[in-house]
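# A structural walkthrough
Residue strings, one per chain:
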Amino acid sequence: MALAFVGAASSGDFPEPARLPIKAGLPDPLVMFNGKRVTTKEQWVNERRPELKKLFEHYMYGTAPAAPKVNAKVERVDAKALAGKATLKEITLTFAGIDGPKIHLLLVVPNKRKGPAPVFVGMNFCGNHAVLDDPKIHLNTNWIYPNQKGVKNNRATESSRGAQIDVWNIEETIDRGYAVATFYSGDIDPDRADMREGVQQYFKGKHDWSTIAAWAWGYSRVIDYFVTDPDIDAARIIAVGHSRLGKTALLAGAFDDRIAVVIPHQAGCGGSGPSRAIGNKGAESVKRINTSFPHWFNARFKDFNEEPERLPFDQHCLIAMCAPRPVLLSNAVEDKWANPDGQFELLRAADPVYRLVGKTGLGATKMPPVGKLLDSTLGFYIRDGKHSMNREDWRAFLGFADKHLKTK
Ligand code: GCU
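Keep in mind that this is a model prediction, so the values were computed, not measured.

So, about the confidence of the model for the protein. Residues of the protein with pLDDT of at least 70 account for 96%, and the chain-wide mean is 95. Strand β5 (residues 151-152) is the least confidently modelled element of the protein, averaging 96 in pLDDT, while helix α8 (residues 315-320) averages 99, the highest of any element. Counted against residues more than four places away or in other chains, residues 1-11, with its pLDDT under 50, gives 19 contacts.

So this is what it looks like as structure tokens:
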């Protein structure tokens, strides 16, 4: 993506948050920081989108370093996984010049396919060994959330194997013709406010990048690997993630054009939900997320705790950065914390950008009924129930991917 942009200063020159004007409603994504209106696709691509990237880096996520060379070591291949339906590979990704975190990537590819497979890529919450029942899968040795099944003293034990089979639904996804790639978020940055053990410390220089930016950078490093793997169709990469990892999937999609379809699931505040108080009562606020998870965003984002209305963008601008690529926001009725109503408002506000770049955006003015997928380029799905990722959600993800990637 072009880094040069017209009409705005470099990120260091953006004003202090207290000097930004208050905008109660969602800022117009088609107006530049200097007030100039964006009227053509070229202006959007060459000026506004790069400017938004700088703004999000400066005020919210921090700036990730450029990609190092990614080295891939295939550790194990099982050509007869899932009763012969799939080939399972375990691959270790390391970064040239960095003696630090490694990504343990699990890649499962359908054996029945014509040519390279489209792929869902997503981070998981407790290690690859939890997503399938396979005693040979690398048991993650990093710090892991204490509330995950089979985790003792923040480390995985053998009894955590297969704990997330229903969350990942890999077999059905394979049956539908898609590959699945997953890795543990803690491989890049264990999610701790009190201890910084992540990849960030290995990069010298001025990189104020948050945990969510580091995780998104991890998605991009996996994609660096995909483009070298003949089993994978690099033109059909779908980024998926649940909750904090959905926030990450959206950031990865907004910043990395190689992602063809973006599916942030129940991502909410700091991701697919507004920073401003728009949408469901009781939804998570900027102040609350910055207090509970100070490491997810950069230091400057805390300056918006009391007045998120000073943000020169809202999260519809992050969604719009994905245009013309399809984005599905998926939700659950009882998960008001993730602000489904506010998310739908964001799709409405991102829609003019999609139309400017020549795509129909949101195909409805109202939220679809519960359980019915709205599969327009800007898509929406809400099911009954709570905050979780399950097989029903995957059926919506698969339906959306089938529609937009024309996979039979
Ligand atoms: C917390 C947090 C949310 C986040 C969620 C999750 O509830 O407040 O922002 O999405 O955890 O990641 O499950």
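Running from N to C, helix α1 (residues 41-61) and helix α6 (residues 244-255) cross one another at 145°; their axes reach a closest spacing of 11 Å. Seen from above, α1 lies across α6 with left-handed handedness. For the pair α1 and α6, the contacting residues are Arg 49, Lys 53, Phe 56, Glu 57 and Tyr 61 in the first and Leu 251, Ala 254 and Phe 255 in the second.

With that settled, the discussion passes to the nonpolar core. Proteins that are soluble and globular tend to have nonpolar side chains buried together. The biggest cluster of nonpolar side chains holds 93 residues, and the ones touching the most others in it are Leu 107, Ile 188 and Phe 226. Among the elements that make up this core, the one with the highest residue count is helix α5 (residues 211-226) (11 residues). Ignoring sequence-local partners within four residues, the contact set of Ile 188 consists of Phe 95, Pro 101, Ile 103, Met 123, Phe 183, Gly 198, Val 199, Ala 214, Trp 215, Trp 217 and Gly 218.

One can describe the packing of α5 onto α6 by two numbers: an axis separation of 8 Å at closest approach and a directional angle of 60°. Here α5 is positioned oblique relative to α6, judged by the angle of their axes. Note on packing geometry: the crossing formed by α5 with α6 is right-handed. Contact residues: Ile 212, Ala 213, Trp 215, Ala 216 and Tyr 219 in α5; Arg 244, Leu 245, Lys 247, Thr 248, Ala 249, Leu 251 and Ala 252 in α6. In terms of residue class, the contact of α5 with α6 is built from 9 nonpolar, 1 polar and 2 charged.

What follows deals with the packing of aromatic side chains. Taken as a whole, this structure holds 22 aromatic pairs when the rule is applied. Judged by centre distance (5.9 Å) and plane angle (45°), the ring pair of Tyr 61 and Phe 297 falls under tilted. Placement of Tyr 61 in helix α1 and of Phe 297 in the loop between α7 (286-292) and α8 is noted, with a sequence separation of 236 residues between them. The pair Tyr 61 / Phe 297 is uniform in exposure class, with both members buried.

For the ligand, the full set of nearby residues is Ser 243, Arg 244, Lys 247, Ala 267, Glu 284, Ile 289, Phe 293, Trp 296, Trp 337 and His 387. Separating an oxygen atom of the ligand from a side-chain N or O atom of Ser 243 is a distance of 2.6 Å. Between the ligand and the protein, one listed contact pairs an oxygen atom with a side-chain N or O atom of Lys 247 at 2.8 Å. For the ligand, the accessible surface in isolation is 320 Å², of which the surrounding protein chains cover 82%. The class makeup of the residues in the shell around the ligand is 5 nonpolar, 2 polar and 3 charged.

Below, the discussion takes up the sheet that holds strand β9 (residues 261-265). On the basis of which strands lie adjacent, the open sheet formed by 9 strands has the order β1-β2-β3-β7-β4-β8-β9-β10-β11 and mixed pairing. Both edges of this open sheet fall to β1 (70-80) and β11 (378-383), since each of them pairs with a single strand only. Strand-to-strand twist of the sheet, defined as the mean angle between neighbouring strand axes without regard to direction, takes the value 20°.

By the secondary structure assignment, Asn 298 is in the loop between α7 and α8. For Asn 298, a relative accessible area of 1% puts it in the buried group. Polar contacts involving the side chain of Asn 298 include one to the main-chain amide nitrogen of Phe 301, which spans 3.1 Å. Filtering out sequence-adjacent residues up to four positions away, Asn 298 remains in contact with Glu 57, His 58, Tyr 59, Met 60, Tyr 61, Gly 62, Asp 208 and Ser 210.

Scoring rules and cut-offs
Residues numbered from 1 in each chain as written. Predicted model: local features only at pLDDT ≥ 70, side-chain atom pairs only at ≥ 80, totals over all residues. Heavy atoms only, no water. pLDDT = per-residue confidence, 0-100. Helix = DSSP H or I, 4+ residues; strand = E, 2+ residues; numbered from the N terminus. Contact = heavy atoms within 4.5 Å. Axes fitted to C-alpha atoms, helices over the stretch in contact; angles between N-to-C directions. Left-handed = near helix turned anticlockwise from the far one by under 90°. Core = buried A, V, L, I, M, F, W, Y, C linked by side-chain atoms within 4.5 Å. Buried < 20%, exposed > 50% of the residue type's maximum accessible area, 1.4 Å probe, protein only. Parallel < 35°, antiparallel > 145°, perpendicular 65-115°, else oblique. Nonpolar A, V, L, I, M, F, W, Y, C, P; charged D, E, K, R; others polar. Phe/Tyr/Trp six-rings, centres within 6.5 Å; stacked < 30°, edge-to-face > 60°. Near = heavy atom within 4 Å. Polar contact = N/O pair within 3.5 Å; in protein donor to acceptor, adjacent residues only side chain to side chain. Areas by Shrake-Rupley, 256 points an atom, 1.4 Å probe, with all protein chains shown as cover. Pairing = 2+ DSSP bridges.

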